[in-house]
Amino acid sequence: MKTIYSLALSLLAYIGVLGQTTVYSQDFATFPPQNWYLGYSYDANLGNGPEYEDLYTVYWTQRSFLSNQTINNPSMSVEIYSGELSSWAISPASDLSAGGYSVSFDFASGDVFYSNNPTGPASQTVTDDVFKFLISQDNGATWQELESIASPNIGIPNTRTTKTYSLNNYTSATTKFAFYTSNGTDPNFGVDYMLYFDDFKVTNNNLSTADIKLKNKTFQLYPNPTKGYAYIKSDKKIHVAEVYDLTGKLISKGKEIDLSSVLAGTYLVKVIFVDGTIATEKIIRK
């Protein structure tokens, strides 16, 4: 898959495009999803992971996204009701050691599937329920939050919504992700609802050699990777160097390259020469 960002297009017009490759995807068309661990705990707190495996998919189920039966669009869903229960859906491990990855998924909230309007919005009553999207760098032994949404019946929209998270700071070869829900300690009687998840993807955003069509490089960056400063070696006279992140945001502009104040990850260095020519190269901040 190739995605061309509008700003990156202007940056890379001389040498090619910015590449994106999906390295893992799960559309939940088959259920349970292969190599996922579905679990639960009779505890409203996060803890270190689920106590029991949901072997019979009692809590995690496959349903059409937002219970829309008019289209064949399976998704993974979980019902939020009662209290003192937490549910986990844990992905298989991904190797992010190369750096420059992102993760994305679609989600939505809706009324319970047995209501008169299952595709409609969930009750808008504030609850002590919570949804968390978690990441583990040690194969699921410990977890960190990428996002936490309180009262997800309100905080998660009643429409398909795509969430994307940069993983530039995560480079473990045993990275796992988890959808986590907690029903809280208050039973919130009468406030039952569904959360739906679909199109889970782990994407490599690095520039691939196939995307870069420079046969004769006009400059060289060193050291690359770098812990901070990098230098440009070229036979041509340099006018200015600009550094961008992979979303196209300008990080710095000047005669030198200083990445000491930015997060680890992959960046683009655009060099404008005195003769008006432009060349771009990726650089990795360790």
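Residues numbered from 1 in each chain as written. Predicted model: local features only at pLDDT ≥ 70, side-chain atom pairs only at ≥ 80, totals over all residues. Heavy atoms only, no water.

**Q** Lay out the sheet that holds strand E13 (residues 220–222) with the relevant residues and their values.
**A** Taking strand neighbours across the sheet as the criterion, the three strands line up as E13-E14-E17 in an open arrangement whose pairing is antiparallel. Lying at the two open borders of the sheet, with one neighbouring strand each, are E13 and strand E17 (257–258). Bridge count for strand E14 (residues 229–233) against E17 is two bridges, and the pairing is antiparallel. When the bridges of E17 are listed, Ala230 appears paired with Ile257. (Pairing = 2+ DSSP bridges. Helix = DSSP H or I, 4+ residues; strand = E, 2+ residues; numbered from the N terminus.)

**Q** Before we move on, could you go through the nonpolar core and cite the residues and values that matter?
**A** Soluble globular proteins: nonpolar side chains tend toward being buried together. Grouped together as the largest cluster of nonpolar side chains are 30 residues, with contacts concentrated most on Phe105, Phe131, Phe133, Phe177, Phe179, Phe197 and Phe200. Looking at this core, the elements with two or more residues in it are strand E5 (74–80), strand E7 (101–111), strand E8 (130–136), strand E11 (176–182) and strand E12 (193–204). Element by element, the count of residues in this core is highest for E12, at five residues. In this structure, Phe131 is in contact with Phe105, Phe107, Glu147, Ser148, Ile149, Pro152, Ile156, Phe179, Tyr180, Thr181, Leu195 and Phe197, ignoring residues within four places of it in sequence. Counting 14 residues, the second-largest nonpolar core is a separate cluster that includes Ala230, Val262, Val271 and Ile283. (Core = buried A, V, L, I, M, F, W, Y, C linked by side-chain atoms within 4.5 Å. Buried < 20%, exposed > 50% of the residue type's maximum accessible area, 1.4 Å probe, protein only. Contact = heavy atoms within 4.5 Å.)

**Q** Please provide a residue-by-residue account of the pattern of salt bridges, values included.
**A** This model, assessed by the stated rule, comprises seven salt bridges. With a shortest N-O distance of 2.6 Å, Lys132 and Glu145 are connected by a salt bridge. Separated by 13 residues along the polypeptide, Lys132 in strand E8 and Glu145 in strand E9 (residues 144–150) bring together distant segments of the chain. For Glu145, a relative accessible area of 43% gives the class partly exposed. In this structure, Glu242 and Lys270 form a salt bridge, with 3.7 Å as the shortest nitrogen-oxygen distance. Here Glu242, found in strand E15 (residues 238–244), pairs with Lys270, found in strand E18 (residues 265–273); they are 28 residues apart in sequence, far enough to count as distant. The two residues Glu242 and Lys270 agree in class, both being buried. (Salt bridge = Lys/Arg side-chain N within 4 Å of Asp/Glu carboxyl O.)

**Q** For the packing of aromatic side chains, give the residues involved together with the corresponding values.
**A** This model, assessed by the stated rule, comprises 29 aromatic pairs. Their ring planes at 35 degrees and their centres at 5.5 Å tell us that Tyr40 and Tyr52 sit as a pair that is tilted. Residue Tyr40 is located in strand E2 (residues 37–41), and its partner Tyr52 is located in strand E3 (residues 52–53); the two are separated by twelve residues in the primary sequence. The class of Tyr40 is buried, set by a relative accessible area of 14%. By relative accessible area, Tyr52 is classed as partly exposed at 39%. Above the plane of the ring of Phe113 lies Arg63, whose end atom (NZ or CZ) is 3.5 Å from the centre. Across the ring face of Phe65, the terminal group of Arg160 is positioned such that the distance to the ring centre comes to 3.9 Å. (Phe/Tyr/Trp six-rings, centres within 6.5 Å; stacked < 30°, edge-to-face > 60°. Lys NZ or Arg CZ within 6 Å of the ring centre and 35° of its normal.)

**Q** Just give me the short version of a negative patch on the surface, but keep the residues and values in it.
**A** A grouping of Asp43, Glu51, Glu84, Asp128 and Asp186 is seen on the molecular surface, where their side chains present a negatively charged patch. Mapped onto the secondary structure, Asp128 falls in the loop between E7 and E8. On the basis of relative accessible area, Asp128 is assigned to the partly exposed category, the value being 31%. (Patch = residues over 30% accessible without salt bridge, like charges linked within 9 Å, V, L, I, M, F, W, Y side chains within 5 Å. Areas by Shrake-Rupley, 256 points an atom, 1.4 Å probe, with all protein chains shown as cover. Lys, Arg positive; Asp, Glu negative; His and termini not counted. Charge placed at Lys NZ, Arg CZ, Asp CG, Glu CD.)

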